[in-house]
Amino acid sequence: MNHRSKRAALSALLLAACATGLAQARSTSALDSITDSISSTFNEAMAKLPATPGQVARPDASARPVNPRPFASGSGYTLCFVPDGVSCQDLLVNAIRGTRRRLLIQAYSFTSKPIAEAVAQAHKRGVEVRVILDKSQVSERYTSATFLKHAGIPVVIDTKPAIAHNKVMVFDDQAVFTGSFNFTKSAEERNAENGMLIRGDAAVVKAYTDNWNARYQQSSSY
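Residues numbered from 1 in each chain as written. Predicted model: local features only at pLDDT ≥ 70, side-chain atom pairs only at ≥ 80, totals over all residues. Heavy atoms only, no water.

Caption draft 1: Just the confidence of the model for the chain, in detail. Looking at the chain as a whole, the pLDDT averages 83, with 71% of positions reaching at least 70. Within the model, pLDDT remains below 50 along residues 17-35, and this stretch shows six contacts once partners closer than five positions in the same chain are excluded. (pLDDT = per-residue confidence, 0-100. Contact = heavy atoms within 4.5 Å.)

Caption draft 2: Focus on the packing of helix α3 (residues 88-97) against helix α4 (residues 113-124). At a minimum axis distance of 9 Å, the contact between α3 and α4 shows a crossing angle of 5 degrees. Judged on the interaxial angle alone, α4 and α3 are roughly parallel. Every residue of α4 that contacts α3 at Q89, L92, V93 and I96 is listed here: P114, I115, A118, V119 and A122. Considering only residue class, the contact of α3 with α4 consists of eight nonpolar, one polar and no charged. (Axes fitted to C-alpha atoms, helices over the stretch in contact; angles between N-to-C directions. Helix = DSSP H or I, 4+ residues; strand = E, 2+ residues; numbered from the N terminus. Parallel < 35°, antiparallel > 145°, perpendicular 65-115°, else oblique. Nonpolar A, V, L, I, M, F, W, Y, C, P; charged D, E, K, R; others polar.)

Caption draft 3: Examining α4 more closely. Between its terminal C-alpha atoms α4 stretches 16 Å, which fits the 16 Å expected from twelve residues at 1.5 Å a residue. Those residues of α4 that are buried lie in contact with α3, β2 (102-107), β3 (128-134), α6 (144-150) and β5 (168-171). For α4, the capping residue at the N-terminal end is S112, with a side-chain oxygen 3.3 Å from the backbone nitrogen of I115. G126 lies just past α4 and shows a positive phi near 100 degrees. (Expected span 1.5 Å × (residues − 1). Polar contact = N/O pair within 3.5 Å; in protein donor to acceptor, adjacent residues only side chain to side chain.)

Caption draft 4: Spatial organisation of a nonpolar patch on the surface. On the surface, F71, Y77, L79 and F81 cluster together into a nonpolar patch covering about 400 Å² of accessible area. In this structure, F81 sits in strand β1 (residues 76-82). Of the residues examined, F81 reaches a relative accessible area of 42% and is grouped as partly exposed. (Patch = residues over 30% accessible without salt bridge, like charges linked within 9 Å, V, L, I, M, F, W, Y side chains within 5 Å. Areas by Shrake-Rupley, 256 points an atom, 1.4 Å probe, with all protein chains shown as cover. Salt bridge = Lys/Arg side-chain N within 4 Å of Asp/Glu carboxyl O. Buried < 20%, exposed > 50% of the residue type's maximum accessible area, 1.4 Å probe, protein only.)

Right, dumping it as C-alpha cells:
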C-alpha cells in the first residue's frame, strides 16, 4: 500500500468512527467529548505519517526552542520599522552619537551617508571603531568602505562565507543593534525593514561581540 492509499484508508477509518460516535451521542457533552477524541486521534496519526516526497515534514509539537533565555532584568529594547514606524537610520545615528568608547560594526551593504558620517565623527572624537563588511563592498561603485578607510577607520572584509549578511552594531559593550536593516539609503527610503536596539543585557552583548571577533579573525584587510 503506497503512502497516499495509507492516508485514504486512515481517513476512512476515522470518518467511520466519527459516524458511529455521532449516532451514539445523546447529549451535547457526549458529542463534544467524542469529537475531541476523534480529532486528537486523527492529528496524532497524521503527525506520525512520513512526509511525501517534496513535502516538508510537520514539526514535532513537543519541540521547544534550544536554551531559551529571558532578557536580563533592567534591560530594554527599542524597535524600528521602515517605512511605517520609527526610522532605523535615525535610531542608529543617535546611538552612534551617544557612543563614547567602542563601536563594532558588521554590515552586508553600507552606503548610507548619514550613518557613515556618524561613524566617522565617532572615530574623530576618540571612539575605537572597527568595521567588518561583506566582500561585495569591495566591488560596489557606491560604498562606505573607502570613505571609512580614508577616515582612518580599520575596515576588513569577511571573505569566508558566500555572503556576510550580518547587520550588527555593538555600542560601548552595552547595547546591540540587529535586524534586517542594511545600512543603506534604499533600506531607509524604499524597503520594508526592521531593527532592534537592545540595551543593558550583558549576555546578548557578549554573544554578538564574540561573534564579531570570530568573524574578524577570518576576515581580510580592505
